[in-house]
Amino acid sequence: MASESTASAYRREGDHTLIEIRLREIRQLFHTLDPAPFREKDLDEGAEDYLIEACREAGSRRPLRLIVYLPAAEAESDAARSLPDAVHNYFAYREHQARADMLRLLRYGAASFAVGILFLFVCLALRSALSVSTSLSDPALIGEGLLILGSVAMWRPAEALLYDWWPLASRRTLLRRLAAIPIEVRGAA
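As the structure is a computational prediction, the values presented were derived from the model and not from experiment.

Criteria and thresholds
Residues take numbers from 1 onward in each chain, read along the sequence in its written order. Residues qualify for local features only when their pLDDT is at least 70, as the model is predicted, and side-chain atom pairs are given and counted only at 80 or more; totals for whole chains, interfaces and linings, by contrast, use all residues. Excluded from the side-chain calculations are hydrogens and water; all other atoms, namely the structure's heavy atoms, are used. The pairing criterion for strands is at least two bridges between them, as found by DSSP. Helix numbers and strand numbers start at the N terminus; a helix is a DSSP run of H or I with at least 4 residues, a strand a run of E with at least 2. Whether a residue is buried, partly exposed or exposed follows from its accessible area with a 1.4 Å probe, protein chains only, as a fraction of its type maximum: under 20%, in between, or over 50%, in that order. Contacts: residue pairs with any heavy atoms within 4.5 Å of one another. Axis definition: a line fit to C-alpha positions, over the contact stretch in the case of helices; interaxial angles, taken between N-to-C directions, run 0 to 180 degrees. Aromatic pairing here means that ring centres of Phe, Tyr or Trp (its six-membered ring) are within 6.5 Å. Orientation follows from the plane angle: under 30 degrees is stacked, over 60 is edge-to-face, and everything else is tilted. Each patch is assembled from residues with relative accessible area greater than 30% and no salt bridge, linking like charges that lie within 9 Å and nonpolar side chains (Val, Leu, Ile, Met, Phe, Trp, Tyr) that lie within 5 Å. Per-residue and other accessible areas follow the Shrake-Rupley method at a 1.4 Å probe size, with only the shown protein chains counted as cover for residues. What makes a salt bridge here is a side-chain nitrogen of Lys or Arg within 4 Å of a carboxyl oxygen of Asp or Glu, nothing more.

A. Molecular detail of the pairing of strand 2 (residues 16–22). With two bridges joining them, strand 1 (residues 12–13) and strand 2 adopt antiparallel strand pairing. Residue pairing across strands places R12 opposite T17, the latter belonging to strand 2. Connecting strand 1 to the next strand, strand 2, in antiparallel fashion are two residues, including G14 with a positive phi near 60 degrees. Looking at chain direction, strand 2 and strand 3 (residues 64–71) are connected through six bridges and run parallel. For I21, the partnering residue across the bridge sits in strand 3 and is V68.

B. Focus on the environment of A72. Tracing the sequence through the fold places A72 in helix 3 (residues 72–75). For A72, a relative accessible area of 48% translates into the label partly exposed. For the pair A72 and R186, spaced 114 residues apart in sequence, the C-alpha to C-alpha distance is 7.8 Å. Excluding residues that lie within four positions of it along the chain, A72 makes contacts with G187 and A188.

C. Here's a closer look at the sheet that holds strand 3. A sheet is described by the order of its strands in space; here four strands give the open sequence 1-2-3-4, paired in mixed fashion. Unpaired on one side and paired on the other, strand 1 and strand 4 (183–188) mark the two borders of the sheet. Direction of pairing for strand 3 relative to strand 4: parallel, over a ladder of six bridges. From the neighbouring strand, Y69 faces strand 4, where its bridge partner is R186. In this fold helix 4 (residues 78–132) packs onto strand 3 and strand 4, with an angle of close to 145 degrees to the strand it touches most, strand 4.

D. Structural view of the packing of aromatic side chains. By the definition in use, this model includes three aromatic pairs. Summarising the aromatic geometry, the rings of Y163 and W166 are spaced 5.8 Å apart at their centres and angled 80 degrees between planes, so their arrangement reads as edge-to-face. Placement of both Y163 and W166 in helix 6 (residues 155–179) is noted, with a separation of three residues, approximately one turn of the helix. Under the relative-accessibility criterion, Y163 is labelled partly exposed at 48%.

E. Spatial organisation of a nonpolar patch on the surface. Taken together, the side chains of L118, V122 and L126 present a nonpolar region at the surface, about 270 Å² in accessible area. Note on placement: L126 falls in helix 4. A relative accessible area of 43% places L126 in the partly exposed class.

See below:
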């Protein structure tokens, strides 16, 4: 119910929820210092954040459409005609980066898990050896300390493998959705 009420903050046309942006010129949408050709330019950070947040707020139940309003002369330009490709290319690239980040995190988690398991087994072996040894005044206390130390070593790998990838997967889904969003440029009066 909550996602349905936030989706209503956006105008609808037919089945589509609209994300609307009004610009004076197309360059406002892109990073001004990026020397790349237009179709490969980076979006302005504020524009990217707005589009991602709007996609998140609109929810995943309805199809989205991005409407960019420009002055009539600007809306008829070559840059306006190539705007959909530029936005799609940018978000496809960002989705690819998010995928790489997620895979890197999962590899780190798996490697850390292997190291943590090895360390836990060493701690358990030392604990077993100490329980047999009678030369220590309190082997149980040291054994419990080793058990705790081994368990704590597993904390970060378990966190990475169980929880840290969720936000990356969620962001990747939003980026994939924006990489394929229908985009329409309209002339504004």
